[in-house]
Amino acid sequence: MLGTDCNTAKWDEAQRMETKPFTGSFTLQEPIGEEGISAAVKVMRSGRLHRYNTAGDELSETALLEREYAAYQGSRYCLACASGGYAMQIALRAAGLRPGEPVLTNGFTLAPVPGAIAGAGGRPVLVEITPDLVLDLADLEAKAGSGKARFLLLSNMRGHLVDMERLAALVDAHGLILVEDCAHTMGAAWRGKKSGNFGIAGCFSTQTYKHLNSGEGGFLTSDDPEFMARAVMLSGSYMLYGRHGAAPDPSVFAGIRLDTPNCSGRMDNLRAAILRPQLAVLEDSIERWNERYRIVEQKLRAVDAFHVPVRPPEERYVGSSIQFLIEGISKPEAHDFVAANKALGVELKWFGDDEPVAFTSNHKSWGYVEAQQLPKTDAILSGLFDMRIPLTFSSDDCAQIGEIIASCAKAMPLKGAA
Ligand SMILES: *Cc1c(COP(=O)(O)O)cnc(C)c1O
């Protein structure tokens, strides 16, 4: 809990402390490697940017990427598409969502998730979260019970995996159709099983701030042939589905190809060419993210006033961002805390603000979604801070950032921080 005597004098003191400001950029990703650049140039020289613009029997860069991602993911099928949000939209449609049907999802996630549900014609029903930032399974059970909803779009928000065995048991017990939003869990796993392989589909993003970077882009993975055939048709395959890299046999399309709408959202060969070399080193990138995460984490765990979400031993996470909670912090204090960090070059996002800022928003700012009461989630978000960890940060950068955040907490009258 915080005292009430947070005043500007305390902050002036913080500024005077000998904390060296951090000067790196929180939005700077690594450049595209030379291999990706050459592959992209080759595609441009060929003029064959459209995924179906192939010569003879050759497989396009997009088809090859699908094959490689399916192998990485351990899924039978993979569809490369325009974005992660688009992957979720067509996943819900291909899984049979009917207009106006409720779709359960996390009360804490980013705007593309309720957006995808709305885009697919569904109605988001928000489920509470826990202080470890995962779905509250008791609330899920209450809201899923007695056939109230058929669909769960599980958002593995900021890379935190809920106990996936308990979740799978609940999904079974209530006959839910599970679609996973893995925008932050590409490469993550629960007890060795990859995130995205627990339900009918996994949805991934290759947007610049995720684990692979093609500017925009996404993947949909599944083991279900008819589901995937519908998704491929929805993505805008025309009658060219035979040219995919990891799609069901053309015979599966026979029954659905004429009654599935084309909602164009394909990936192109230029993006695919950039992604293939990145996928080849994804495991190495994950290790590098986690080294950085652990350095910041260690500094933050040393501050008593912070709750850093617990990472269960069953979870293999990807530490591309870090979160912590300050229980009981007031709005003015949270604003001061963010400003003090900013003054020292550290960009924290705060999820408790009234106004959505940049990528950050909360359920109260999704005006197209029916207003819902989420007291537990609201209490958590009011003290939730979040920070990206780009791979352009060195280990020293991470240590310095952790120290700055801790020093800003010390400069506030936070219980246990002094
Ligand atoms: C980024 C993101 C997505 C989808 O991203 P696109 O920008 O549509 O590729 C989905 N869910 C979450 C939680 C995200 O952060």
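Quantities reported herein were computed from a predicted structural model and do not represent experimental measurements.

Colleague: Which residues make up the sheet that holds strand β6 (residues 189–190), and what values do they have?
Modeller: Strand order in this open sheet of three strands is β7-β6-β10, and the pairing throughout is antiparallel. One side of each edge strand has no neighbouring strand; the edge strands of this open sheet are β7 (193–194) and β10 (315–316). Sheet analysis places β6 next to β10, joined by two bridges and oriented antiparallel. Across the sheet, residue W190 finds its bridge partner in β10, namely E315.

Colleague: Could you give me a rundown of the side chain of E180, with the residues and numbers involved?
Modeller: Residue position: E180 is located in strand β5 (residues 177–181). Apart from residues no more than four positions distant in its own chain, E180 is found in contact with L154, N156, M164, S195, G196, N197, F198, G199, A201, G202 and C203.

Colleague: Talk me through the site of the ligand; I want residue IDs and the actual numbers.
Modeller: Within the structure, the ligand sits among 16 residues, and G84, G85, H184, S205 and K210 are positioned closest to it. Contact between the ligand and H184: an oxygen atom at 2.7 Å from a side-chain N or O atom of the residue. Considering the ligand on its own, with 380 Å² of exposed area, one finds that the protein chains cover 91% of that surface. Residue assignment for the shell around the ligand shows that the elements contributing at least two residues are α4 (84–94) and α5 (112–119). Here the shell around the ligand takes three residues from α4, the largest share from any one element. For the shell around the ligand, the class distribution of residues is six nonpolar, eight polar and two charged.

Colleague: Requested: an account of the nonpolar core, with residues and values cited.
Modeller: Counting residues in each nonpolar core, the largest one holds 43 residues, and the members touching the most others are Y69, L104, L135, L140, L152, L167 and F219. Of all the secondary structure elements, the ones that give two or more residues to this core are α3 (61–73), β1 (77–81), β3 (123–127), α6 (137–144), β4 (151–155), α7 (164–173), α10 (269–280) and α11 (282–301). A domain-level breakdown of this core finds at least three residues from each of domain 1 (8–29 + 282–410) and domain 2 (34–280). Counting residues in hydrophobic clusters, the runner-up holds 34 residues, among them F306, V308, I329 and A334.

Colleague: Give me the pairing of β1: which residues, what numbers.
Modeller: For β1, the tally of buried residues reaches five of five residues, placing the bulk of the element in the interior. Judged by which residues are buried, β1 turns out to be covered on both faces: Y77, L79 and C81 on one side and C78 and A80 on the other are all buried.

Colleague: Requested: an account of the domain arrangement of the protein chain, with residues and values cited.
Modeller: Each assigned domain of the protein chain is listed with its residue range as follows: domain 1 (8–29 + 282–410) and domain 2 (34–280). One C-alpha centre belongs to domain 1, the other to domain 2; they are set 28 Å apart. Between domain 1 and domain 2, the residue contacts involve 39 residues of the former and 42 residues of the latter. Interface of domain 1 and domain 2: buried area, both sides summed, is about 3,400 Å²; carbon and sulfur atoms make up 59% of it. Its largest share of buried area at the contact with domain 2, domain 1 owes to L282, E314 and W366, together 20% of the area lost on that side. At the boundary of domain 1 with domain 2, the tally comes to four salt bridges. Residue E314 is joined to R191 by a salt bridge in which the shortest nitrogen-to-oxygen separation is 3.9 Å. At the boundary of domain 1 with domain 2, the tally comes to 22 residue pairs in polar contact (both at pLDDT 80 or more). Secondary-structure elements contributing two or more residues to the side of domain 1 that touches domain 2 are α11, β10, β11 (321–325), α13 (375–381) and β13 (384–388). Per-element accounting of the side of domain 1 that touches domain 2 gives the leading share, five residues, to α13.

Colleague: So what about the sheet that holds strand β12 (residues 349–350)? Which residues, and what values?
Modeller: Across the sheet, which stays open at both edges, the three strands sit in the order β11-β13-β12 with antiparallel pairing between neighbours. A single partner strand is all that each edge strand has here, and the edge strands are β11 and β12. Bridging between β11 and β13 involves five bridges; their strand directions are antiparallel. Each residue of the ladder has a partner; that of S321, found in β13, is R388.

What counts and how
Residues numbered from 1 in each chain as written. Predicted model: local features only at pLDDT ≥ 70, side-chain atom pairs only at ≥ 80, totals over all residues. Heavy atoms only, no water. Pairing = 2+ DSSP bridges. Helix = DSSP H or I, 4+ residues; strand = E, 2+ residues; numbered from the N terminus. Contact = heavy atoms within 4.5 Å. Near = heavy atom within 4 Å. Polar contact = N/O pair within 3.5 Å; in protein donor to acceptor, adjacent residues only side chain to side chain. Areas by Shrake-Rupley, 256 points an atom, 1.4 Å probe, with all protein chains shown as cover. Nonpolar A, V, L, I, M, F, W, Y, C, P; charged D, E, K, R; others polar. Core = buried A, V, L, I, M, F, W, Y, C linked by side-chain atoms within 4.5 Å. Buried < 20%, exposed > 50% of the residue type's maximum accessible area, 1.4 Å probe, protein only. Domains from an automatic or database assignment. Buried area = accessible area lost by both parts, 1.4 Å probe. Salt bridge = Lys/Arg side-chain N within 4 Å of Asp/Glu carboxyl O.

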